[in-house]
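Listed here are the chains, written in short residue letters.
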Amino acid sequence: MGFYRGHVLVCGGTGCVSSGCREVIAAFQDELRKKKLDQEIKVVETGCHGFCEKGPLVIVYPEGVMYCRVETADVTEIVNEHLLKGRPVARLFFTEPLSLDKIPRYQEINFYKKQKRIALRNCGYIDPENIHEYIARGGYDALAKALGNGGPATVLAEVKASGLRGRGGAGFPTGTKWEFCAAAPGDKKYIICNADEGDPGAFMDRSILEGDPHSVLEGMMLAAYAIGAGEGYLYIRAEYPLAIKRVQTAIAQAEELGLLGENILNTGFGFRLRIKEGAGAFVCGEETALIASIEGERGIPRSRPPFPAIKGLFGKPTVINNVETLANLPQIVLHGGAQFAAVGTEKSKGTKVFALTGKLRNTGLVEVPMGISMREVIFEIGGGTFEGKKFKAVQIGGPSGGCLPESQLDLPVDYDSLTGAGAIMGSGGLVVMDEDSCIVDVARYFLSFTRKESCGKCTPCREGTLRLLEILERITGGMGVPEDLEMLEKLAISIKSTALCGLGQTAPNPVLSTIRYFRKEYLAHINERKCPAGVCQALFYYRVDDHLCVGCGVCAKICPVSAIQGERKQPHHINMSACVKCGACVERCPFHAIIKE
Amino acid sequence: METVTLKIDGREVQADKTATILEAARLAGLQIPTLCHHPALRPDGSCRICVVEVAGARNMAAACIAPVAPNMTVFTNTQAVREARRTNLELILANHPLTCPTCKRNLNCELQQLAHDFCISDVPYNGRRREMPQDHTSAALIREPEKCIYCGRCVRVCSDLQGVNALGIFNRGFDTEVGPPPGLGLADSVCVQCGQCAVFCPVGAIYEKTAVDEVWRALADPYRHVVVQAAPAVQVSIGEALGLEPGLPLTGKMVAGLRRLGFDKVFSTEFTADLTIMEEGTELLGRLRNGGALPLITSCSPGWIKFAEHFYPELLENLSTCKSPQQMFGVLAKTYYAEKTGLDPANIYVVSLMPCTAKKYEAARPEMNASGFRDVDAVLTTRELARMLHEASLDISRLPDEEFDAPFGIVTGAATIFGASGGVAEAALRTLYELVNGQEMPTLEYAPVRGLDGIRESSVVLGETEVKIAVTSGLATAREVLERVRNGEADYHFIEIMACPGGCIGGGGQPICRTCDNRGARAAGIYQVDAHSAIRKSHENPAVKQLYKEFLGEPYSHKAHQLLHTGYTARHAY
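Just so you know, these numbers come straight off a predicted model, no measurement behind them. (Residues numbered from 1 in each chain as written. Chains lettered and ligands numbered in written order. Predicted model: local features only at pLDDT ≥ 70, side-chain atom pairs only at ≥ 80, totals over all residues.)

1. What to know about the overall build of chain A
- Helix and strand counts for chain A stand at 23 helices and 19 strands.
- By the compact-globule yardstick of 25 Å for 597 residues, chain A fits well, its C-alpha radius of gyration being 27 Å.
- The C-alpha extent of chain A, read off along each of the three principal axes, is 90 × 65 × 40 Å.
- The buried share among the 597 residues of chain A stands at 56%.
- Sequence separation of 24 or more characterises 72% of the internal contacts of chain A that already satisfy a separation of 6 or more. (Helix = DSSP H or I, 4+ residues; strand = E, 2+ residues; numbered from the N terminus. Rg over C-alpha atoms; globule rule 2.2 N^0.38 Å. Buried ≥ 20, exposed ≤ 12 C-beta atoms within 10 Å, placed from the backbone. Contact = placed C-beta atoms within 7 Å.)

And the structure:
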C-alpha cells in the first residue's frame, strides 16, 4: 500500500449513486491522473455519509473539507484549487440554513455536530469493499478479544451490561434474548441478521450494510459465539442489490483471511454465513415470518411462544438481530458494555440511527445518543422546516409508529417515552410534516401501506386494516359521519390487541396517535367538510376572484380538462363539475386570482 | 405428565405443561368460542375468535395456540375479551355473503352459530367485499371462495392429514385466496376428491357437488327402474346426519326410508364387497403363488386410487385390479341383474349411497362403463340422503325396519366391516384363512387390524406362507407406508389403504361433526352390525355363490375380468 498525502472520499451510498457519484469518482480519477496526482491522492468510494440530500458528497482528507452536490463539472476546480493549490472551493461548502454561514469542515456542520456515531462509525470513512480498511479502524479486534479471553459468557455479560436493546423496532433487550437462546437445549443454533428493512423512507440498515458490512459480520460472529451458533443467515431484501453485493464481498474477504469459516483465529470456533434474499414482503421483517421465508415456506408469521430463541429456524434455537443492533456489538465487546451504557438514558442505552425525511431542510441519516430531544433532532440536526412553513407533526417508527405534534417535541428519544406518547422507536424512520400535510391523509397513507402488506393470515389484520382504511377514505373523501371517529378508535384498539404479529398489532398506531393529537382536524373533515391543510381533494374547490381576475386567459389555456371558461378581458369562471383540482391554474395565474377554499 | 398450575377466571387449574390455554380451560369446564381451531388439526391461531386476556401481557392471546405457563392468570370472559371477539366476528361477517338460508351449510355452520351466540344484529362495515368465481370443475366438490373465511382448515387437512397439498393459500392481505394453485380448477389439480376439506370447512366454502336433483328426476320418471346401493358406512351415520345418536345402526330404517323415497329396489354395496373379497382374495393368492407384484394394495377407495396415480405411479402395478364394490355393483346391475329380471339396462338407473365424495368422481371415470353404459349413474353422500329425507318429510326413526331386496341385498358381516379402516383386511383374512388353512379363523374378530389411526401391522400364516399385512387410513399416513415400500424397507404382502382417516366411516360425504369425535362411535356401530350378522364370511354369501354359478363362473374368470377388474393411469403431480 502506497502512502498518500490526501484522500478524496466520495460517498457511494445508494442515494449518492443515484445523484451521480460514480461519474464524479471517474472524473476525479481522470483529473488526478492528468495532473499526475494519482500517486499522491487516493480516491475512495465509501459507504453512506448520511447527508444524502446534499449528495454526491465529497470529503477531502486530511482537512476534512466537505463538498456538497458535487458534479463532474466541479471536479477540475476542486483538483486545481484545493488539491493542487490548497485553496478549498467555498462555493461547494455546506450552507447552514438559518445563519447562511458557509462551513468548510463537516464536523462543524450542525447536521454532524450533534451526532454520536457508534453503529455508523465507519460509514463514509472506509472503503466498504476493502477488509483492510475495516481492520485498520479496529475491525475484528472485538472478535479476537472475545475468542481470546473469557469465552462466550464474557461476551454475553458485556452485552447485558451495555443495556443494548433491539434496534429493529420492539426494543427487546439483546442480552436477554441471547441468554434465552444460549440456555435453550439444541444440537444446532442459528444467528440471523434481519436486513429486511421495509419501512417507507427508512434506510438505516441498507446504509450500514453498504457502508460497513464487516461490522455486521463481526457482530454476527460475536453473537454466534455467545449463543453457541455455528451458522448464520443474512436475510437481506432483494431490493438492496448494492448491500447484497458488498456483503458478498465482505464474506469472501473474511473467509480469505480466515476470519470466517472453520477454526477462526485458531481458536476452534467455526462459523459459516449465508445470504438469503428476501422477496419484498414487508411482513418478512417479522421474525417468525422471516424464519418461514428462509425455510422456503410462505413468509407468514406464526404464533409466539415458542419464541425463536427456543424454537426458531428449522426448529432450532435462533437469535434474530437487526443490522443496527449487530453493528453496535463490536464496539460494545471491544470497549466494554459500561462505556456503551454511559451513552443514553436509564433504560435506553447507546445511540439510535434515524432516517430523517420529509419536509425539513437537512434530510439524511443521523445517529444520535438516546435521550436527545426530538426537537434537537428535527430543528438542530435537521435544520427545521422550510422557510415560512410551520412544523405540524413528526411520524416516528414508520407505518407501525405514531404521529407526534409540536407539544411532544421535547420528549426524549427513548423506547419508553415514545411508546408512552403513542408512537414507537421502530426501526428509525422519522418523517417530518409541515402545515401542508393533512393528518388524516397521512393516517390514510400509512394504512394503505399496512393493508397492502398484511399477510392475510389473521382476521383483525386482514379484514380490519381494510376497514380502517375505508373509514379513513370516507373521511378524506368528504363522506365522513360523526360515528366514524368512534368506530375508528374501537376497531383500532381491537386490531392492536388481537392481531397475531407485530405488523397487525402496530398497524393502527398511526390512526390512534393522529386521533389523539389531531382530533380537531378529523372533526373539521367530518363536521365542517373541510381539510385545513388543503390536501383532501374532495374537501376543497377553486374559485376565481372576480376582482383580481383580469381575463388574461392563461388559466383557461393551462387547464388540462378545459374546466375554465370566460370572455377575454372578463373575469373567468371554473366549472367545478369538470375541475380535477390539479392546481395548475393556481400556479400559473399571474394575478393570484384563483383561490382555494 | 408434568403439570403446571394456572388460574383461569379466578379458578386454579392443573394442566399438562404442553397444553394450550384452550385445552386447560376446557378441562376446567370453561368453553371458549373457536373458529379456525379443529382438534384433529395442528392449531393455527389465525381467526382470533378465541382470544383471552393474560395478566401482564401486552396483547390478547389466542387460546387455541398459546401454551399454558406456570402461574399464568387468564381471563376468558371480560368485557374487553367479548368486545374483541365480537369485532373479529363482525370483520369476518363483513366479508362473508349473508345468504344463510340458501347456503348448503345453513343450520350447520360454525360462523352462523357464532353470530347467533354473539347475537350479532348488524355488521357495521359495509365496504369492499371479495368477489371470486365459484369452482365447479371437480366431479365431486364445489368451491365457493366468496364464503371462505381463511381459517385454513381445508389447507391443513389436505396437507397434514391427507398429504395431498392440493389446496394452498395464495396472494396476501385482503386479497388472500385459498384453493388450488391460481388459475387451476380443483379438477386440474392433484385433488383426490376425498372431501375431507368439505368435512373440515366450518362454513359453506367447499361442499359436495350434489346429485339430489338428478336422483329426484330419475325417481319421478316412470320409465326408469331406479335401484340404489347403500355402502356399509351409511347405515351407521345416517342417523347422525338426521340429528340422532352417532354410530347408531339404522340399517332397517334406512332401507324403509329409501323405499319410501321411491327407489324400485334397495340393495347393498356390501354384496359387491363380498364379491371383492372373492376376487381380491384370489388375486392375492395368485400373486403369492405365481410371484406377482407384492405387496398387493387394496383398491376400494377412489381417493386413494387417484392419490396413487398422482404420487406413486411406480406402484400402480401393486394395486389390486379389482374395481371398487360401488363399480362392481354398477356393472352387475346393468348386466347380471338386467338379464335376470329381463329389464333393458338402458332403463336401469343406478344410484349409490356413499359416505364418500370421491365416489362421485369414480363413477364418472371414463373407463367405468363395462356394462356398455355408465355403470353408476348418480352418487349420493350420506349428507345428501339426509337432505332428501328432510325434503320428503320422512322421519326414518318412526319407520319399521325393513330388509334389503334380493339378490343384491344378501350380505355378510365381513362386507359390513369394509366401512371401517381394517375391514377389508379382516374380511379377506376370514375367507383366505379358511380357504387356505381348511379351518375357520380362531377368532373372527381380528383386532390387530382394527383402529382409527396410524399404521397397524400384523401377520397371519396362510398355508406355508407368513403373510404380512399393513393397514392404514388417511393419506398422509399412507405416504409413510408407501415410502417404505418404495424404498424397499417393507416386506408386506398385503396393504389396506383407505383415503379417509378411520376409513369410510370418516369419509368426506359423512355428517359434518365439529370434532371428528364421532368416528369411534360409527366404527363401533359397524362392528356391532357385523357381530349380529347371520353370515360373517364373504365366501359363505349364498347370493355371491349363485352369481358365480349363474353368471361369472369362478373368481378371476375371464368374464369377471371383463366386468369387475380395471387398470390405472399414471398422472403427473403438476
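2. As for helix α8 (residues 174-183) of chain A
Residues and elements named next belong to chain A.
- Along α8, the positions that sit buried rather than exposed are T174, G175, K177, W178, C181 and A182. Relative to the axis of α8, the buried residues are bounded by an arc of 160 degrees and lie together on one face.
- Against the buried residues of α8 lie α7 (152-162), α10 (213-227), β10 (318-322) and α13 (323-335). (Arc of directions from axis to C-beta.)

3. Re unusual backbone geometry
- Going from G55 of chain A to P56 of chain A, the amide bond is cis rather than trans, its omega being -5 degrees.
- Summarising the element assignment, P56 of chain A is placed in the loop between β2 (41-46) and β3 (58-61).
- Of note, the bond from R304 of chain A into P305 of chain A is cis; its omega dihedral lies within 30 degrees of zero at -5 degrees.
- Its place among the elements puts P305 of chain A in the loop between α12 (287-294) and β10.
- Look at K36 of chain A: it is not a glycine, yet its phi comes out positive at around 60 degrees.
- Note on placement: K36 of chain A falls in the loop between α2 (21-34) and β2.
- The exposure class assigned to K36 of chain A is exposed, which follows from the 8 C-beta atoms found within 10 Å.
- In the Ramachandran plot, L107 of chain B falls in the positive-phi region, its phi being about 70 degrees despite a non-glycine side chain.
- On the secondary structure map, L107 of chain B appears in the loop between α2 (79-93) and α3 (110-117).
- The exposure class of L107 of chain B is exposed, given the 9 C-beta atoms found within 10 Å.

4. What about the nonpolar core?
- Of all hydrophobic cores here, the largest spans 184 residues; its most connected members are I21, A63 and C154 of chain B.
- Broken down by element, the residue count for this core peaks at eight residues, all from helix α10 (residues 270-290) of chain B.
- Those residues within four positions of C154 of chain B in sequence are excluded, and the remaining contacts are L167, V178, C197, F200, C201 and I206 of chain B.
- If you look at the next biggest cluster of nonpolar residues, it comprises 183 residues, including M66, L290, A292 and L491 of chain A. (Core = buried A, V, L, I, M, F, W, Y, C linked by C-beta atoms within 7 Å.)

5. Structural notes on the interface of chain B and chain A
- If you look at the interface, chain B gives 29 residues, while chain A gives 25 residues.
- Broken down by element, the residue count for the side of chain B that touches chain A peaks at six residues, all from α2 of chain B.
- Residues belonging to the side of chain B that touches chain A are distributed by class as follows: 16 nonpolar, nine polar and four charged. (Nonpolar A, V, L, I, M, F, W, Y, C, P; charged D, E, K, R; others polar.)

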